[in-house]
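The residues making up each chain are set out below.
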Amino acid sequence: MEKDSSFSRGSEMSLLEQFEGILEGDKLIDEIGFLGPSQFASLDQDLSGSSLDQCTPIQLADVSLETNIAELNTVQYDKNFFWNRNNKLAISTDVLSHLYIAARHAYIASAQANFDHLLEDEILKHTKALLILSCNFSSAWNDRKLVLSRKHEMALFLEELRFSSLILSGAPKVESAWSQRRWVIKIVGDFLQDSPGIIREESDLVEKIAEKSKMNYRAWGHRCWLISCMNSDQVFHELAKSKKWTELHVADNCCFHYRRELMLNLLKEYHEASTGCNFDVCLLYKEELKWTELLIGRYIGREALWIHRRFLTQCWIKHFTTNQGAAAVTESEDLISSTTQTFIAKELKFARSFLNITDGFYDALDQAQYAASYILWTLKFALSQESMHEEILSELRDLKPLLLKTCAVNSLGWETML
Amino acid sequence: MGELEGKKHVQYIVSVEKKKDSFEALVIEHLRLNGAYWGLTTLDLLNEIEAVKPDEIVQWIMQCQDIGSGGFGGNVGHDPHLLYTLSAVQVLALLNRLDVLDIDKVSDYVAGLQNEDGSFSGDMWGEVDTRFSYIAICCLSLLGQLSKINVESAVNYIVSCKNLDGGFGSIPGGESHAGQIFCCVGTLAITGSLHHVDRDLLGWWLCERQCKDGGLNGRPEKLADVCYSWWVLSSLVMIDRVHWIDKEKLTRFILNCQDKENGGISDRPDNAVDVYHTYFGVAGLSLLEYPGIKPIDPAYALPVDVVNRIFFSK
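Just so it is clear, the model here is predicted, and its values are computed rather than measured.

Some thoughts on the sheet that holds strand β5 (residues 88-92) of chain A
All names here are of chain A.
- Across the sheet, which stays open at both edges, the three strands sit in the order β1-β5-β4 with mixed pairing between neighbours. Of all the strands in the sheet, just β1 (31-35) and β4 (82-85) have a single pairing partner and so form its edges. Mean inter-strand twist for the sheet, computed between neighbouring axes without regard to direction, equals 15 degrees.

What to know about the interface of chain A and chain B
- At the interface, 52 residues of chain A touch 41 residues of chain B.
- Interface area for chain A against chain B, summed over the two sides, is near 4,100 Å², with a carbon-plus-sulfur share of 55%.
- Between R302 of chain A and E221 of chain B there is a salt bridge, and its shortest N-O distance comes to 2.8 Å.
- Across the contact surface, chain A and chain B share 21 residue pairs in polar contact (both at pLDDT 80 or more).

Some remarks on the nonpolar core
- Within the largest apolar cluster, 122 residues are counted, with the highest numbers of intra-cluster contacts made by F19, F82, I91, L99, Y285 and W306 of chain A.
- Broken down by element, the residue count for this core peaks at 10 residues, all from helix α15 (residues 362-382) of chain A.
- The contacts of L99 of chain A, once residues within four sequence positions are left out, are L15, L16, F19, F82, I91 and L133 of chain A.
- Of all hydrophobic cores here, the second largest spans 108 residues; its members include V58, Y84, L95 and C257 of chain B.

Quick look at the confidence of the model for chain A
Residues and elements named next belong to chain A.
- Chain-level statistics for chain A give a pLDDT mean of 82 and a share of 78% at 70 or above.
- Considering only residues more than four positions removed or in separate chains, one finds that residues 1-10, a stretch of pLDDT under 50, has 15 contacts.
- In the predicted structure, residues 46-73 sits below a pLDDT of 50 and forms 46 contacts with residues beyond four places in sequence or in another chain.

Observations concerning the packing of aromatic side chains
- This structure, assessed with the given rule, holds 30 aromatic pairs over all chains.
- Ring pairs connect the aromatic residues Y37, W38, Y134, F182, W230, W231, Y276, Y279 and F280 of chain B, which therefore count as one cluster.
- Between K79 of chain A and the ring centre of Y77 of chain A, over which it is positioned, the NZ or CZ distance is 5.4 Å.
- The residue whose ring lies beneath R209 of chain B is W205 of chain B, and the NZ or CZ to ring-centre distance is 4.2 Å.

So, the pattern of salt bridges
- Scanning the entire structure with this criterion turns up 36 salt bridges over all chains.
- With a shortest N-O distance of 2.8 Å, E288 of chain A and R259 of chain A are connected by a salt bridge. Pair noted here: E288 of chain A is in helix α12 (residues 278-298) and R259 of chain A is in helix α11 (residues 253-272), with a separation of 29 residues, a long-range link.
- Owing to a relative accessible area of 2%, R259 of chain A belongs among the buried residues under this scheme.
- One salt-bridge network, held together by shared partners, links E175 and R218 of chain A together with D129 and R131 of chain B.

A few points about the side chain of N114 of chain A
All names here are of chain A.
- Residue position: N114 is located in the loop between α3 (96-112) and α4 (120-133).
- Here L119 takes part through its backbone nitrogen, which lies 2.9 Å from a polar atom of the side chain of N114.
- Not counting chain neighbours up to four residues away, the residues in contact with N114 comprise L119, E120 and I123.

Some details on the state of the cysteines
Residues and elements named next belong to chain B.
- Under the definition given, this model contains zero disulfides over all chains.
- Its sulfur unpaired, C138 is 7.1 Å from the next cysteine sulfur, which belongs to C139.
- No disulfide involves C211; its sulfur sits 11 Å from the nearest other cysteine sulfur, which is in C257.

Points about the pairing of β5 of chain A
All names here are of chain A.
- With four of five residues buried, β5 is to be regarded as a mostly interior element.
- Direction of pairing for β1 relative to β5: parallel, over a ladder of five bridges. The residue bridging G33 from the neighbouring strand is A90, located in β5.
- Of the pairings in the sheet, the one linking β4 to β5 comprises four bridges and is antiparallel in character. Residue pairing across strands places W83 opposite A90, the latter belonging to β5.
- Here β4 folds back onto β5, and the loop between the two strands holds two residues, one of which, N86, carries a positive phi near 50 degrees.

Digging into the confidence of the model for chain B
- Averaged over every residue, the pLDDT of chain B is 96; residues scoring 70 or more account for 99%.
- Of the two predicted TM-score estimates for the complex, the pTM is 0.91 and the ipTM is 0.96.

Concerning helix α5 (residues 82-94) of chain B
- The end-to-end C-alpha separation of α5 of chain B is 18 Å, in line with the 18 Å expected for 13 residues at 1.5 Å each.
- Burial runs high along α5 of chain B: 12 of the 13 residues are buried.
- Among all positions of α5 of chain B, only L82, Y84, T85, L86, S87, A88, V89, Q90, V91, L92, A93 and L94 of chain B are buried.
- Those residues of α5 of chain B that are buried are in contact with α5 (138-151) of chain A together with α3 (32-45), α4 (54-63), α6 (103-111), α7 (130-143) and α14 (304-312) of chain B.
- Where α5 of chain B ends, the next residue or the one after it, N96 of chain B, has phi of about 55 degrees, a positive value.

The rules behind the values
Throughout, residues of each chain are indexed from 1 in the direction in which the sequence is written. In the order they appear in the text, chains get letters beginning with A and ligands get numbers beginning with 1. Confidence filtering applies because this is a predicted model: local features only for residues at pLDDT of at least 70, side-chain atom pairs given and counted only at 80 or more, and all residues used for totals across whole chains, interfaces and linings. To obtain the side-chain values, all non-hydrogen atoms of the structure were included, while hydrogens and water were left out. By the convention used here, strands pair only if DSSP detects at least 2 bridges between them. Numbering goes from the N terminus for both helices and strands, where a helix is a DSSP run of H or I of at least four residues and a strand is a run of E of at least two. A fitted line through C-alpha atoms represents every axis, and for helices the fit uses only the stretch in contact; the resulting angles, taken between N-to-C directions, go from 0 to 180 degrees. In what follows, residue pairs with any heavy atoms lying within 4.5 Å of each other are defined as contacts. When two parts are brought into contact, each loses some accessible area as probed by a 1.4 Å sphere; the total of that loss over both is the buried area. Put simply, a salt bridge is a Lys or Arg side-chain nitrogen that is within 4 Å of an Asp or Glu carboxyl oxygen. Counting of polar contacts relies on pairs of N or O atoms within 3.5 Å, with two restrictions inside protein: one atom must be capable of donating a hydrogen and the other of accepting it, and residues adjacent in sequence are counted only when both atoms are side-chain atoms. In this text, buried Ala, Val, Leu, Ile, Met, Phe, Trp, Tyr and Cys residues form a nonpolar core when linked through side-chain atoms within 4.5 Å. The cut-offs for exposure are 20% and 50% of the maximum accessible area for each residue type, with area from a 1.4 Å probe on protein chains only; residues under the lower value are buried, those over the upper are exposed, and the others partly exposed. pLDDT expresses, on a scale from 0 to 100, how confident the predictor is about each individual residue. For Phe, Tyr and Trp, rings pair up if their centres lie within 6.5 Å, where Trp contributes its six-membered ring, and each pair is then called stacked (planes under 30 degrees apart), edge-to-face (over 60) or tilted (otherwise). Counting as a charge over the ring demands two things of the Lys NZ or Arg CZ atom: a distance within 6 Å of the ring centre and an angle within 35 degrees of the ring normal. Defined by distance alone, a disulfide is two cysteine sulfur atoms within 2.5 Å. By definition here, a helix of n residues has an expected span of 1.5 Å times n minus one.

Structure (structure tokens):
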């Protein structure tokens with residue numbers, strides 16, 4: 001294996017210099033991995049190790065930035081330990097401890113000697129290296145915030161978002177990386193007055209990350225946080241846009257929760273505003289109910305779908321039905337809501353259709369279990385006492401033995417409650 | 001099923017303490033104070049706290065304190081944060097060395113992180129999360145300094161994070177998550193505000209966490225994980241609904257997550273062990289009243305005798 005002659009193996013500081021040199025030379029790195037020696041050896045070895053020669057204009061609202069990546073800048077590094085091509089960087093696990101110790105030492109030294117703020121660039125350089133190795137090192141994230149606060153340069157704030165994306169691409173659950181984004185956005189959002197653009201980009205980022213990292217609480221929490229910055233139009237748009245993705249990820253409870261939050265946001269608007277968006281919201285809920293029904297029939301035994309239906313039923317009963325039968329009326333005089341009685345009867349019929357299990361496959365058993373718990377939950381928690389007419393109660397009595405039989409694990413709880 | 005390999009777990013915890021130079025150990029050195037809490041509480045629950053030397057630990061903990069703010073970092077030289085401040089107080093409580101603390105200084109740090117709306121930030125950078133509410137209230141309660149904060153607004157903020165399914169998230173509108181639920185219910189329990197919880201509704205959500213393998217998950221559609229034996233179970237205990245889950249199946253699940261040869265407990269059977277899951281497995285078994293383990297307080301997450309010592313010997 002060829003060795004680069006300028007650097008000797010085993011010197012910790014030069015390892016760090018090589019690492020930081022690569023990061024400096026290839027500003028568009030979008031993926032970093034730590035590979036064991038055998039995996040590392042099988043990577044395609046590039047002889048020159050040169051970084052890319054590119055010019056990338058980035059435009060955002062009024063601000064336009066041009067970033068010139070170094071032309072034909074040859075970065076020296078030991079190819080036994082680093083591999084850099086096509087904006088990818090691989091580091092051999094053999095040197096991770098050494099690199100970490102060197103980066104930590106350099107970071108602490110520069111932070112402690114940062115009198116008169118002269119070492120801020122050093123701090124940014126060393127924390128970048130350190131965080132790639134140990135992305136949860138919160139003090140390093142904090143020192144970056146200190147430097148960015150003081151310099152207050154747009155380019156640096158935007159670069160911080162890119163750096164956070166780089167970290168998240170390899171470690172999508174890192175809390176510090178997500179909160180760093182929120183910290184930057186709060187500052188940059190006011191400055192740019194381009195909140196819709198930022199919201200869209202953040203939303204897209206979450207969706208991209210959620211594709212690889214299922215039910216990622218922090219990612220989706222970040223997306224929910226954005227809702228507070230949206231107006232009603234944006235909320236409607238998000239609901240429409242995310243529907244397709246959700247259909248392809250019916251086992252991901254997070255994306256359904258996100259839809260619930262968007263829909264709750266609209267309900268709140270509906271209560272506060274005049275009758276303007278009433279039936280748009282009502283129609284939305286009705287369509288969501290129909291859509292969920294379709295998915296439940298198509299994807300057998302999916303808990304997230306039944307949880308979603310509980311929410312929809314709960315809201316529908318509370319906001320769009322009455323005991324007496326007064327209903328919301330559309331522009332074309334069609335009644336689109338109903339009495340509580342009618343609605344519940346329909347729901348019971350729908351859920352009961354899944355209770356008779358004819359085959360023994362797990363999915364069908366799960367479907368029956370979820371249907372049973374849906375019925376019990378709805379009758380117990382979504383209906384007020386006045387709505388519990390004799391018809392519903394007798395239905396419940398009939399169903400009780402079948403319901404308890406169907407739900408093995410949780411029967412203890414239900415028995416107590418019934 | 002087998003038994004709890006108490007001695008093996010003690011050996012595992014003591015050995016982890018010594019392995020500080022591997023890359024895996026280096027990338028978690030910033031949360032060593034949390035690790036100390038998990039390890040030492042487990043030892044105490046297993047009646048083996050004598051396996052460590054308290055003086056060294058106390059000295060190291062105090063070195064983690066940031067002199068300026070009064071808060072604690074996760075290790076020496078690290079920035080202060082609520083997360084590590086609670087662990088510091090909990091470990092000192094465990095070792096019966098709360099006397100080394102300047103109570104006012106620590107409490108002022110914690111109380112200073114409360115926001116207008118009653119929520120708490122984790123540190124000076126402002127990130128809000130219901131976990132931080134729990135940490136602040138648990139910490140101040142142990143130090144007898146709850147009067148330094150606005151308890152009513154703190155409770156109101158927690159209530160604002162309640163979802164329609166009865167659960168709680170990290171911020172208002174956040175997805176219900178067993179860990180966040182523990183934090184919110186714990187906060188309400190410590191402040192005497194559990195009447196805000198719909199016990200049947202939340203109890204239902206919590207008991208649905210039990211999977212076919214007997215283990216508990218943290219949210220719908222997720223796999224069982226030993227750490228939820230604590231988050232879910234302690235929440236159920238606090239709202240008096242623990243009889244809604246199958247305790248025997250859960251016990252078997254936790255015991256199956258042990259590494260019976262080398263000690264330690266993993267997130268699920270046959271995975272790699274770590275101190276975090278070892279603590280939560282043993283804490284869960286304590287709540288299930290497994291013989292040979294000290295009882296643990298579900299709200300303070302410390303052995304009951306430690307909590308009693310703090311509250312009843314004043």
